[in-house]
Amino acid sequence: MLHLAFGERAMLADDMGLGKTVQGLAACVLLRELGAVERVLVVCPVSLKTEWKEQIEAATDLDFSIVSGPWEARAARYKEPSFFTIVNYEQILSDLDQIQEHLAPDVVILDEAQRIKNWRTKTASAVKRLRSRFAFVLTGTPIENRIDELYSIVQFLEPGLLGPLFRFNRDYYDLDERGRPVGVRNLDKLSGKIQPVMLRRRKDEVESQLPGRTFNTYFLDMTDEQRIRYEDHERIARRWAHIAAKRPLTADEFKYMQAALARMRMTCDTPFILDSEVRDCPKLDELERVLDELMDDPDRKILVFSEWVRMLELVRGRLNEMDIDHAWHTGSVPQDRRRAEITRFKRDPGCRLFLSSESGGTGLNLQIASVVVNLDLPWNPAKLEQRIARAWRKHQTRPVNVLNFVTRNSIEHRMLSLLEDKQALADAVLDGRKDGQRVDFRTGRAAFIERLQKVMAQDVEEASVDPMEATAVSLQERFGSGLDRIEVLKSPDGSEILLVILEGTVDSEMIEPPDDSGSPSVQFISREGYEAVRRLEAAGQLTFLAKPDRTLFAREERRDDLAARRLEEARSFLAKAEHLQKMTTLLANGGFVAEAEAKAGEIAENCIRALSAMTPPEPGAAEETLVDMCERLGRDGALPASIRYQALSICDLSPDDDGAGPADAGQVSALARADGLLAHARKTVAP
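Read on for a plain summary of the structure. (Residues numbered from 1 in each chain as written. Predicted model: local features only at pLDDT ≥ 70, side-chain atom pairs only at ≥ 80, totals over all residues. Heavy atoms only, no water.)

## Quick word on the overall build of the protein
Then comes step 1: Scanning the protein from terminus to terminus reveals 25 helices and 20 strands.
Then comes step 2: Across the protein, every contact between residues at least 6 apart in sequence was considered, and the portion connecting residues at least 24 apart equals 73%.
Then comes step 3: For the protein, the computed accessible surface area is about 30900 Å², with 49% contributed by carbon and sulfur atoms. (Helix = DSSP H or I, 4+ residues; strand = E, 2+ residues; numbered from the N terminus. Contact = heavy atoms within 4.5 Å. Areas by Shrake-Rupley, 256 points an atom, 1.4 Å probe, with all protein chains shown as cover.)

## Quick notes on the sheet that holds strand S6 (residues 134-138)
Then comes step 1: The strand order S3-S4-S2-S5-S6-S1-S9 describes an open sheet built from seven strands, whose pairing is parallel. Two strands in the sheet have a free side with no partner beyond their single neighbour: strand S3 (64-66) and strand S9 (198-199).
Then comes step 2: Across four bridges, the pairing between strand S2 (residues 40-44) and strand S5 (residues 107-111) is parallel. Residue pairing in the sheet places Val42 in a bridge with Ile109 of S5.
Then comes step 3: Set on the sheet, helix H7 (residues 147-157) makes contact with strand S1 (9-12), S5 and S6; between it and S1 the angle comes to about 145°. (Pairing = 2+ DSSP bridges. Axes fitted to C-alpha atoms, helices over the stretch in contact; angles between N-to-C directions.)

## Quick notes on the nonpolar core
Then comes step 1: With 57 residues, the main nonpolar core has Trp52, Phe84, Ile109, Phe136 and Leu303 as its most contacted residues.
Then comes step 2: In this structure, Phe136 is in contact with Leu4, Ala5, Glu8, Ala10, Gly24, Ala27, Cys28, Leu31, Val107, Val108, Ile109 and Leu110, ignoring residues within four places of it in sequence.
Then comes step 3: Among the nonpolar cores identified, the runner-up in size contains 39 residues, and Tyr89, Val154, Phe168 and Tyr172 belong to it. (Core = buried A, V, L, I, M, F, W, Y, C linked by side-chain atoms within 4.5 Å. Buried < 20%, exposed > 50% of the residue type's maximum accessible area, 1.4 Å probe, protein only.)

## What to know about the environment of Glu568
Then comes step 1: Note on placement: Glu568 falls in helix H20 (residues 559-589).
Then comes step 2: Taking the relative accessible area as the measure of exposure, Glu568 reaches 60% and is therefore exposed.
Then comes step 3: Through-space distance from the C-alpha of Glu568 to that of Met614 is 9.2 Å; in sequence the pair is 46 residues apart.

## Quick notes on the side chain of Asp174
Then comes step 1: Position of Asp174 relative to the elements: it lies in strand S7 (residues 173-175).
Then comes step 2: Polar side-chain contacts of Asp174 include one of 3.1 Å to the side chain of Arg185. (Polar contact = N/O pair within 3.5 Å; in protein donor to acceptor, adjacent residues only side chain to side chain.)

## What to know about unusual backbone geometry
Then comes step 1: Look at Asn186: it is not a glycine, yet its phi comes out positive at around 55°.
Then comes step 2: With respect to the secondary-structure elements, Asn186 resides in the loop between strand S8 (181-185) and helix H9 (187-194).
Then comes step 3: Positioned with a positive phi, Asp323 is a non-glycine residue whose angle comes to about 60°.
Then comes step 4: Mapped onto the elements, Asp323 comes out in the loop between helix H13 (309-321) and strand S12 (326-329).
Then comes step 5: We classify Asp323 as exposed; its relative accessible area is 73%.

## Concerning the sheet that holds strand S19 (residues 521-526)
Then comes step 1: Strand order in this open sheet of four strands is S19-S18-S17-S20, and the pairing throughout is mixed. Bordering the open sheet on either side are S19 and strand S20 (547-554), each of which pairs with just one other strand. Within this sheet the neighbouring strands show an average axis-to-axis angle of 25°, counted without direction.
Then comes step 2: By the bridge criterion, seven bridges tie strand S17 (residues 483-490) to strand S18 (residues 496-502) in an arrangement that is antiparallel. Bridge pairing links Ile486 to Val500 in S18.
Then comes step 3: Most of the contacts of helix H19 (residues 527-538) go to S19, to which it runs at about 90°, and overall it touches S17, S18, S19 and S20.

## Quick notes on the side chain of Asn606
Then comes step 1: Locating Asn606 in the fold gives a position in helix H22 (residues 600-614).
Then comes step 2: With residues up to four places along the chain from it excluded, the contact list for Asn606 reads Phe573, Lys576, Ala577 and Leu580.

## Side note on the pattern of salt bridges
Then comes step 1: As enumerated under the stated definition, the model contains 36 salt bridges in all.
Then comes step 2: Here Asp297 makes a salt bridge to Arg398, at a shortest N to O gap of 2.6 Å. You can see Asp297 sitting in the loop between helix H12 (282-294) and strand S11 (302-305) and its partner Arg398 sitting in the loop between helix H15 (381-389) and strand S15 (400-407), a full 101 residues away along the chain.
Then comes step 3: Taking relative accessible area as the criterion, Arg398 reaches 25% and is therefore assigned partly exposed.
Then comes step 4: A salt bridge links Glu341 to Arg337, with the shortest nitrogen-to-oxygen separation between them at 2.9 Å. With Glu341 and Arg337 both in helix H14 (residues 335-347) and four residues apart, this pair spans about one turn of that helix.
Then comes step 5: Through salt bridges that share partners, Asp285, Glu288, Arg318 and Glu321 make up one connected network. (Salt bridge = Lys/Arg side-chain N within 4 Å of Asp/Glu carboxyl O.)

## Overview of the pairing of S5
Then comes step 1: Counting buried positions along S5 yields five of five residues, so the element is predominantly enclosed.
Then comes step 2: Across the two faces of S5 the burial is the same, with Val107, Ile109 and Asp111 and Val108 and Leu110 all buried.
Then comes step 3: Pairing of S5 with S6 involves five bridges; the strand directions are parallel. Among the inter-strand pairings, Val108 is bridged to a residue of S6, identified as Ala135.

Bear in mind that shape data such as this cannot, by itself, settle questions of function.
Structure representation (structure tokens):
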């Protein structure tokens, strides 16, 4: 409290769960009693706004307001401020001028301040334009991956403390001859530089004040079907790894590589995440066995985390079979419903489990639980600690048991060492641990190759790659989405050729003469031609001397089938939006205008999801929020900037880009804006 209050512009970087929120509140109360402050602006993730409300009510008797709703309602809040005004990061983009002119805060508190760790984002830029005498930064993870994340956060507090970015990079990074980072150095000097503004206590330093925590790792074997599918994804990843060892990957290639790695991780949980017909899931059976033991204690509550919502759906189904009540918290759950689920878990003795995606991994106070189950491990150790800190935090009265489920001999198994490596960087800078001078690491292509070696247990530089598979990878690079299938045909004499099946026509320029380098023979055919030939073969009118031996590439779904499935899903969301619109019309015509306006957000959300279903993200991408969907749709041209602004403003969000919309957009009612969005969705989904 004293560090924040008398440091004036200071960072509290205590480990997660040590009470940063209440210490920040105490500093504000002290400054108020000294007559130094009258208005406090709290900036936090949208999911934590109600959490701050509860903390303020529990720790103080001061007034507060949560800023939400359309533009005109938010502007009115700033003009009649409470002592505490709570906003989310995205609102700073659109509301900065109103905040500065009318609220004029004496204190700005940034909670979960790693949200501004990337100094290039427009959100970070807008936050750094906030002006106040006092500024408190609260974050348990000021460094997650790189030391320039710390630079961005400190820049908000004291812009000149670490100097210009070019000098910071020169002083603390080891650079190669091309100016690329290959390591970090002078870490003891950097740690000393930030000490005046940063106070940090780790849990192991105050563990005598906390109940203990224990870790148990359950290693599980895949089923035969699970292993077959895992190896299919791993084979694709190895092909890209081989290319990455020889040359830098293009942006699209890197995305394909990431998708393959993500599919490997998903399959470690269950193939069901990618294929609803296959429900093999050893982790689910093990969870049931563990729950049989844990549920014997009637007072024990349990948090269950997974990065994949489809995995949680399997868990939810099993819990229903076991007649175990549980709460549900994912990114697709509306904010008011999330809060209701959290409250039910905290207060209802019968609600024993809390199922959560990464949306529940930060900020929530769930110390009512004493067991944390990680069905899968995140790439970043900070995210793992954030999950655990939901339970292992101040006011926890019981020891916390952390259970990690890991698939044996898989990418998950080998990720355990990577988590330890990433923790070393944060330890060196923030806590003065490890070697205070230097931590070596490799970035870019070198780091990529090194990580692949670790998680795939293979020296990819020396990988022995089948020439057929290597050629197949290069063909995928060459034809991209125009490629339908690659098959290996084997002749009676044992020779093999690659048959490349393409969407569209095949012209003579595609046919390359054979060379003497030992490269496989390649033949091209259109998909329509291939299907015609196969029909003739099935009718007995044509015989292939070379028979299909194996498939090296196949589109996961025909474009026609994929388009039909996307359209069906999009129309389902659109139908929900149209139903809601009819209901709001009846309400408004009956004099219930406020009740009708309250439904505008649901109309907007269903419209956004309908548009997103038409152009979904890449396979393996992380779960998207509404902001993520709108940003992607904007980049794809499916959602014009002005309409995107309207959509997000209805949902109490703001886009992190230049799509600010017309200056008077906020003057239009939420229902009118929802109607405009619905009209756009109709044109796209059901023209």
